[in-house]
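Examination of the molecular architecture
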Amino acid sequence: PGQGFSAGHGGGHTFKIRGEDHHAEIEISLEDSFSGVTRELSLRSVQLDDQGRPYMGTRTLSVKIPKGVKEGQMIRLAGQGMPGEGGGESGDLFLTVRFAAHAVYKADGRDLSMHLPITPWEAALGGQVHAPTMQGEVEVNIPAGSKQGGKLRLRGKGLPGDPARR
């Protein structure tokens, strides 16, 4: 009496269940974020054999890391999550970006900071010093009377991207 659903028996309807989303982290360097890169990523995950039975397997994905990606940002790989059931589509894989420790810079959103050592007379009298940036070395003007721990801003020398989207 009435139309029912079945799990694939006879002439009834089958359930199509979308696979679960999967979450993982990927660690990249600041240089990878600055220029963008493609990385190979090996994942152990549930896969389906030819008869549709699940098993644990390893697969390798080629992941494009976009230029200007920030720490904590998620990259979505559609259809790369857990397989669906009954012909349902696979879930998505979400990769959370983490930055590897860098010898010079610390990232905060799109901003990069570093400690630039200067001599006491450069701090007192001011002057020009050379500072490394991701784009190469630049000359920085140190104002006279600078104090230890002071900050200087170099506009446009952080990670690429829209500064409004911090």
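Residues numbered from 1 in each chain as written. Predicted model: local features only at pLDDT ≥ 70, side-chain atom pairs only at ≥ 80, totals over all residues. Heavy atoms only, no water.

**Side note on the pattern of salt bridges**
In the structure shown here, the tally under the stated rule is seven salt bridges. Of the charged contacts in the structure, one is a salt bridge between Asp 21 and Arg 18, with a shortest N-O distance of 2.9 Å. Of the residues examined, Arg 18 reaches a relative accessible area of 37% and is grouped as partly exposed. Look at the salt bridges and you will find they share partners, linking Arg 18, Asp 21, Arg 76, Glu 89 and Asp 92 into a network. (Salt bridge = Lys/Arg side-chain N within 4 Å of Asp/Glu carboxyl O. Buried < 20%, exposed > 50% of the residue type's maximum accessible area, 1.4 Å probe, protein only.)

**What to know about the pairing of strand 5 (residues 93–99)**
The buried fraction of strand 5 is high, at six of seven residues. The sheet contact formed by strand 1 (residues 22–28) and strand 5 spans seven bridges and is parallel. Paired with Ile 28 across the two strands is Phe 99, which belongs to strand 5. Here strand 4 (residues 74–77) pairs with strand 5 via four bridges, running antiparallel. By the bridge assignment, Arg 76 is partnered in strand 5 with Phe 94. (Helix = DSSP H or I, 4+ residues; strand = E, 2+ residues; numbered from the N terminus. Pairing = 2+ DSSP bridges.)

**Details of the nonpolar core**
One broad trend across soluble globular proteins is that nonpolar side chains are buried collectively. Core analysis: the largest hydrophobic core is formed by 20 residues, its most contacted members being Ile 28, Val 63, Ile 65, Leu 77, Leu 93, Leu 95 and Val 97. Taken together, the elements giving at least two residues each to this core come down to strand 1, helix 1 (30–35), strand 2 (37–48), strand 3 (54–65), strand 4 and strand 5. Of the residues forming this core, the biggest block, four residues, is contributed by strand 5. Setting aside chain neighbours within four positions, we find Leu 95 in contact with Ala 24, Ile 26, Leu 41, Val 63, Gln 73, Met 74, Ile 75 and Leu 77. Within the second largest apolar cluster, five residues are counted, among which are Val 129, Ala 131, Val 138 and Val 140. (Core = buried A, V, L, I, M, F, W, Y, C linked by side-chain atoms within 4.5 Å. Contact = heavy atoms within 4.5 Å.)

**Re the side chain of Asp 32**
Inspection of the secondary structure assignment puts Asp 32 in helix 1. Given the relative accessible area of 17%, Asp 32 is considered buried. Asp 32 has contacts with Val 37 and Arg 39, leaving out every residue within four places of it along the chain.

**Focus on the environment of Asp 49**
Note that Asp 49 resides in the loop between strand 2 and strand 3. Judged by relative accessible area, which is 25%, Asp 49 ranks as partly exposed. A polar contact of 2.9 Å, which involves the side chain of Asp 49, links it to the backbone nitrogen of Gln 51. At 2.8 Å, the side chain of Asp 49 and the backbone nitrogen of Arg 53 are in polar contact. (Polar contact = N/O pair within 3.5 Å; in protein donor to acceptor, adjacent residues only side chain to side chain.)

**Description of the sheet that holds strand 4**
Reading across the sheet, the three strands line up as 1-5-4 and stay open at both edges, with mixed pairing between neighbours. Sheet topology places strand 1 and strand 4 at the edges, where each strand pairs with a single neighbour. Between one strand axis and the next, the sheet turns by 30 degrees as a mean value, whatever way the strands run. (Axes fitted to C-alpha atoms, helices over the stretch in contact; angles between N-to-C directions.)

**Quick look at the environment of Ser 42**
Within the secondary structure, Ser 42 sits in strand 2. For Ser 42, the side chain forms a polar contact with the side chain of Thr 60, separated by 3.3 Å.

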